[in-house]
Amino acid sequence: MSIVQNDRGSISIFRIGLIMAGLGLLVVIGGFVLLEFERAEKRSALEITPPAGAEVRFNQPIGQNGRRVVYQVNGDDDDTVRGVVEYYQARMDSFYDTNARDADRQLCRRSPSGQGTFQDYEPGNGLIPYEYRCEFDDSSDFGGERRTIVRIYPGVLDEESGLTTEGLTLIDYDMAWSG
């Protein structure tokens, strides 16, 4: 006798209904478990490995769901900055699973664009001349979010305060994630 037949040998609608309800319950429970795994992953920082030789200069939590970390690399010339940007571009290509020929490729963007500097920049005023911005976004359709924005810029001198980061390339991480 089959599990879906009643005592008289005909198909039992009630038994089929129970089986379908059981299978439906299993699908709902499985979906809930997968959703919780997805959300749990988004409850931590999206760590992007800094380039070799980078040293932590600053590390500070921002509330319960954020952190700012600044790394430094020796050298502030254009070649050093460009090398760091190329490193992060390669990380973005790997993160988003794209390559240099992909039309939808995420790029590290320079501000201001081209070869210029920010309008308020003057050597010695402590303001950065330009920056590159690389955004790593691991948001989910199910409400989980985590992202790391990486800003790369050459070190500067602030003559007024006497503080300097000249001779360094700074890599500034702004990390945020779901609570």
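Residues numbered from 1 in each chain as written. Predicted model: local features only at pLDDT ≥ 70, side-chain atom pairs only at ≥ 80, totals over all residues. Heavy atoms only, no water.

A.B. asks: How should the pairing of strand β2 (residues 66-74) be read in this particular structure?
C.D. replies: The two faces of the sheet receive side chains in turn, since in a regular strand these alternate between them. The pairing of strand β1 (residues 55-61) with β2 spans six bridges and is classified as antiparallel. The residue of β2 that forms the bridge with proline 61 is arginine 67. Linking β1 to β2, which pair antiparallel, is a turn of four residues; within it glycine 63 sits at a positive phi near 65 degrees. Where β2 and strand β8 (residues 168-177) come together, nine bridges link them in antiparallel fashion. Counterpart to valine 73 in the pairing with β8 is threonine 169. (Pairing = 2+ DSSP bridges. Helix = DSSP H or I, 4+ residues; strand = E, 2+ residues; numbered from the N terminus.)

A.B. asks: Hey, could you run me through the pattern of salt bridges in this one?
C.D. replies: Side chains carrying opposite charge are able to pair once their charged atoms draw close together. By the definition in use, this model includes nine salt bridges. The closest approach of N and O atoms between arginine 68 and aspartate 172, which form a salt bridge, is 2.6 Å. With arginine 68 in strand β2 and aspartate 172 in strand β8, the pair connects residues that are 104 residues apart, well separated along the chain. The exposure class assigned to aspartate 172 is buried, which follows from its relative accessible area of 2%. Three or more residues are tied together by salt bridges with common partners; here these are Arg68, Glu131, Arg151 and Asp172. (Salt bridge = Lys/Arg side-chain N within 4 Å of Asp/Glu carboxyl O. Buried < 20%, exposed > 50% of the residue type's maximum accessible area, 1.4 Å probe, protein only.)

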